[in-house]
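Listed below are the residues making up each chain.
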Amino acid sequence: MHRLVEHQRKIVSKYRDGGWQAVSARALNPVFPQWREALLKATPAQKEAIERAAQAALQGRFYALGANWPVRDPEHLFPAEFWRLDPVTGTLWPAETYTFAIDFRHSATRGDIKYVWEANRLQYLPVLAAYLALTGDGRAQRAIKAAIASWHSANPPFRGVSWASGIEVALRAISLIVTLDLAGDGIGGESRDQVSQILAASAYWLKRFPSAYSSANNHLVAELAGEYLIGLAFGEKAAGPRKALLEETCKQILPDGLGAEQSPTYGAFSAEMILLCVAAAKAKDAPFPADVTTRLAAFADAVNWLPKNASYGDDDEGRALTLGNEDDYIGSIAAAICGFLGRPGPVPDTDDFRSIFFGAPARFLPKPTGLKTFAHGGLSVWRGAINGREIEMMFDHGPLGYLSIAAHGHADALSLTLFVDGEPVLADPGTWAYGSGGVWRDWFRSTPAHNTLNISGKSQSIISGKFNWSHKAAATLVRADPEPEWSLCARHDGYEGRFAAVHQRILSRSPDGILVIDQLLGKGQEAEVVFQLAAGIQARLDGNIVTLMRHTEPLLTIRFPDHAIDIRAGGDEPGRGGWVSPRFGQRQPAPRIAWRGTVTEAGSSFDISLIAPQTGSGLERRSRQAQD
């Protein structure tokens, strides 16, 4: 019924809701009134980072999602075509076409819509506003005004792809609100009226076409955050979005702190948008209930258990407030939460942008050691030292994803990832691309791409579209035995209906490493067990033992049941070899180790043994660096 009503509204809006003439400009109020003052107290490193990002924008350079946009004339930074350009294919998306008449989900002829949307989020404008506030540089003021005027002229309601997705409408609104608050009196007059019109049209659109049911994931969080902050900008209490945001916080950040979407970066993205609203509410002396800050604190605590740049599930590098490329986005959000709440937490980078506005943690919270199982999120983490190596292990025994379509989940149940001395060795393959990913989109979220067992090259959950699954494997943690001789046992039923087998994996601490035992309960059969290596890790085969090396330094060995081992990197087609995607829009060949053999209830063993570091390397080198 919801979809029917939504479809009806889209038809009506095509003929009724176009053009700015129906949108009145209204007076705007500060939403983050303390931020400009906080900005003026930024550290030299933070000011330098802002200047670097602002200078890039003023020189007409823009980089996002692994792609460089064509450099624009600094005297004409925002031509109308900029808002429609796909930088990868060089094609333009439609301008005056009704937004819902543009097929961006199924047609890849113009490229991936995410690239166009990224430029339209306007997230470089708060950076320019911060630079303007710090320096008074007139170029930044002119650039902000030019961007607002150009976007307003080129994107009337509700024409072109910029209005097609609620999350994009919301993120753009947030960028404009922050821009005005940071720039202060530097942006007024016509530009302020244009922003007011954009915000008014955005609020109307967000209420008219909310994400709901199977789509109510991080998109809904963004939409509610946008509605709430726009309401505050117009002097309203925005009680409806506020109440709904409270409910979604408790749904999408699980009690143990992990994100319900089975993706650390999407969890951080949602947490960042919630934190923005919590900060705005506090500034208005109308704080959110403790349930919200409790879940944010739980998220920050969970992040502290994860390896730096931990990855599983989708990652499209979504941000709400950013200078651009970031080394540790998840850690930055955890630090921002702790800074805002006055709690101990991870120390952000010295040039971190968010800590200017949210503050830094009360004191440094070191990474915990030992075994931690997140019962709600379905993840176990172990951190400790083996043979002088710093080891961080993640074992995924959670659900496929969030809600009925599990849009951002990957078929990675019982997958193992391993970091050695702070760097990935057994890697999650990553995301690669969405709309333009084609068969590679399916590969990167398939079971054979992950460090787990597959049967006949089939995924444990069945893919039925770029963001859909027709069958979802259910994973269960059978037991978790504590330190020091810890052991984990989990299973999933993804192959039970098709192959009459349940995959069970046992991980346990061995004297020199980690023992992996894979079992097929029910009907034993031929299977493939995969270890996907990170880029830069080499594999050397000697009989049934594979030695993994970083450069020329041996890190660990994997002892396989027999010699039926295949090691390949790259390939023109999915499944021909190993690939990893370090960030959206980029992929790199990397060795994929595949053992094939009969797996029964008795189990097949894979013994991972750590090799002590050479002098001046590994944990010893990292310890010296920390002391320095």
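None of the values given here were measured: they were computed from a predicted structure.

Each value, and the rule that gives it
- Residues numbered from 1 in each chain as written.
- Predicted model: local features only at pLDDT ≥ 70, side-chain atom pairs only at ≥ 80, totals over all residues.
- Heavy atoms only, no water.
- Phe/Tyr/Trp six-rings, centres within 6.5 Å; stacked < 30°, edge-to-face > 60°.
- Helix = DSSP H or I, 4+ residues; strand = E, 2+ residues; numbered from the N terminus.
- Buried < 20%, exposed > 50% of the residue type's maximum accessible area, 1.4 Å probe, protein only.
- Pairing = 2+ DSSP bridges.
- 1 Å grid on protein atoms, 1.4 Å probe; cavity = no way out; pocket = protein on both sides within 12 Å on 5 of 7 lines; lining within 4 Å.
- Points joined across faces, edges and corners; volume = space filled by probe spheres on them.
- Nonpolar A, V, L, I, M, F, W, Y, C, P; charged D, E, K, R; others polar.
- Axes fitted to C-alpha atoms, helices over the stretch in contact; angles between N-to-C directions.
- Contact = heavy atoms within 4.5 Å.
- Salt bridge = Lys/Arg side-chain N within 4 Å of Asp/Glu carboxyl O.
- Disulfide = S-S within 2.5 Å.
- Left-handed = near helix turned anticlockwise from the far one by under 90°.
- pLDDT = per-residue confidence, 0-100.

Student: Help me understand the packing of aromatic side chains in this model?
Tutor: Two aromatic rings are characterised by how far apart their centres lie and by the angle between their planes. Within this structure, the stated rule accounts for 36 aromatic pairs. Ring plane angle 35 degrees and centroid distance 6.0 Å describe the contact between F158 and Y204, whose orientation is recorded as tilted. Of the two residues, F158 is situated in the loop between helix 6 (138-154) and helix 7 (166-183) and Y204 in helix 8 (residues 189-208); the sequence distance between them amounts to 46 residues. Look at Y204 and you get partly exposed, because its relative accessible area is 31%. Centre to centre, the rings of W440 and W579 are 5.7 Å apart; their planes meet at 75 degrees, and the pair counts as edge-to-face. With W440 in helix 15 (residues 439-444) and W579 in strand 20 (residues 579-580), this pair connects stretches of sequence that are 139 residues apart. For the pair formed by W440 and W579, the shared burial category is buried.

Student: What exactly am I supposed to notice about the pairing of strand 3 (residues 370-374) here?
Tutor: Relative to strand 4 (residues 379-386), strand 3 runs antiparallel, the two sharing five bridges. Across the sheet, residue G370 finds its bridge partner in strand 4, namely R383. Where strand 3 folds back onto strand 4 in an antiparallel hairpin, the turn is made up of four residues, including G378, whose phi is positive at roughly 75 degrees.

Student: Whenever I open this one, empty space enclosed by the protein confuses me. Can you help?
Tutor: One water molecule sets the probe size; rolling that probe over the atoms shows where empty space is left. On inspection of all chains with the given rule, the structure shows five cavities of 30 Å³ or more. Roughly 70 Å³ of internal volume is contained in the largest cavity. Around the largest cavity sit S311, Y312, L379, M394, F395, D396, D412, S415, T417 and D428, which together line it. Among the elements that line the lining of the largest cavity, the one with the most residues is strand 5 (residues 389-396), at three residues. Considering only residue class, the lining of the largest cavity consists of four nonpolar, three polar and three charged. Taken together, L28, N29, V31, L176, I177, L180, D181, R192, V195, L199 and A233 make up the lining of the second largest cavity. Listing elements by their share of the lining of the second largest cavity, those giving two or more residues are helix 7 and helix 8. At four residues, the largest contribution of residues to the lining of the second largest cavity is made by helix 7. Its residues placed into classes, the lining of the second largest cavity shows eight nonpolar, one polar and two charged.

Student: How should the sheet that holds strand 3 be read in this particular structure?
Tutor: In sheet architecture, strand pairing relies on hydrogen bonds along the backbone and comes in two forms, parallel and antiparallel. If you walk across this open sheet you meet the five strands as 3-4-5-6-7, and the pairing is antiparallel. Two strands lie at the open edges of the sheet, namely strand 3 and strand 7 (423-426), each paired on one side alone. Neighbour-to-neighbour, the strand axes of this sheet turn through a mean angle of 20 degrees, independent of strand direction. Where strand 5 lies against strand 6 (residues 416-420), five bridges are found, and the strand directions are antiparallel. Directly across from I391, in strand 6, lies its bridge partner V420. Together, strand 3 and strand 4 form the strand contacts of helix 12 (residues 290-305), whose direction differs from that of strand 3 by roughly 135 degrees.

Student: Help me understand the pattern of salt bridges, please; the structure alone is not making it clear to me.
Tutor: If charged atoms from side chains of opposite charge come close, those side chains can pair. Here the structure, examined in full by the defined rule, presents 27 salt bridges. Notably, a salt bridge pairs R383 with E392, separated by 3.0 Å at the nearest N-O pair. You'll find R383 and E392 in the same group, each marked buried.

Student: It is not clear to me how the environment of Y402 should be interpreted in this structure. Could you clarify?
Tutor: Tracing the chain through its elements places Y402 in the loop between strand 5 and strand 6. A residue is classified by how much of its surface remains accessible, and Y402, at 16% relative accessible area, is buried. Along the backbone, Y402 and F531 are 129 residues apart, and their C-alpha atoms lie at a distance of 26 Å. Aside from chain neighbours lying at most four places away, what touches Y402 is A216, N217, E248, K251, Q252, A260, E261 and A407.

Student: Looking at this model, I keep getting lost on the sheet that holds strand 22 (residues 592-599). Mind explaining?
Tutor: Strand order across the open sheet formed by four strands is 8-15-22-19, with antiparallel pairing between neighbours. The open sheet has two edge strands, strand 8 (453-454) and strand 19 (565-568), and neither has a second partner. Looking at chain direction, strand 8 and strand 15 (residues 525-532) are connected through two bridges and run antiparallel. What sits directly across from N454, in strand 15, is E528.

Student: Where do I start with the state of the cysteines in this structure?
Tutor: Disulfides are covalent bonds that connect the sulfur atoms of two cysteines. Counted according to the given criterion, the structure contains zero disulfides. Sulfur of C250: no disulfide; nearest cysteine sulfur belongs to C277 and is 14 Å away.

Student: Could you clarify how one ought to interpret the packing of helix 10 (residues 239-252) against helix 12 in this entry?
Tutor: Taken N-terminus to C-terminus, the directions of helix 10 and helix 12 make an angle of 30 degrees; their axes are 9 Å apart at the nearest point. Note that helix 10 runs across helix 12; the crossing there is left-handed. Every residue of helix 12 that contacts helix 10 at L246, T249 and C250 is listed here: D291, V292 and R295. In the contact of helix 10 with helix 12, the residues fall into three nonpolar, one polar and two charged.

Student: I keep staring at the confidence of the model for the protein and nothing clicks. Help me out?
Tutor: Residue-level pLDDT values for the protein average 94, and 97% of them are 70 or greater. In the predicted structure, residues 623-628 sits below a pLDDT of 50 and forms one contact with residues beyond four places in sequence or in another chain.

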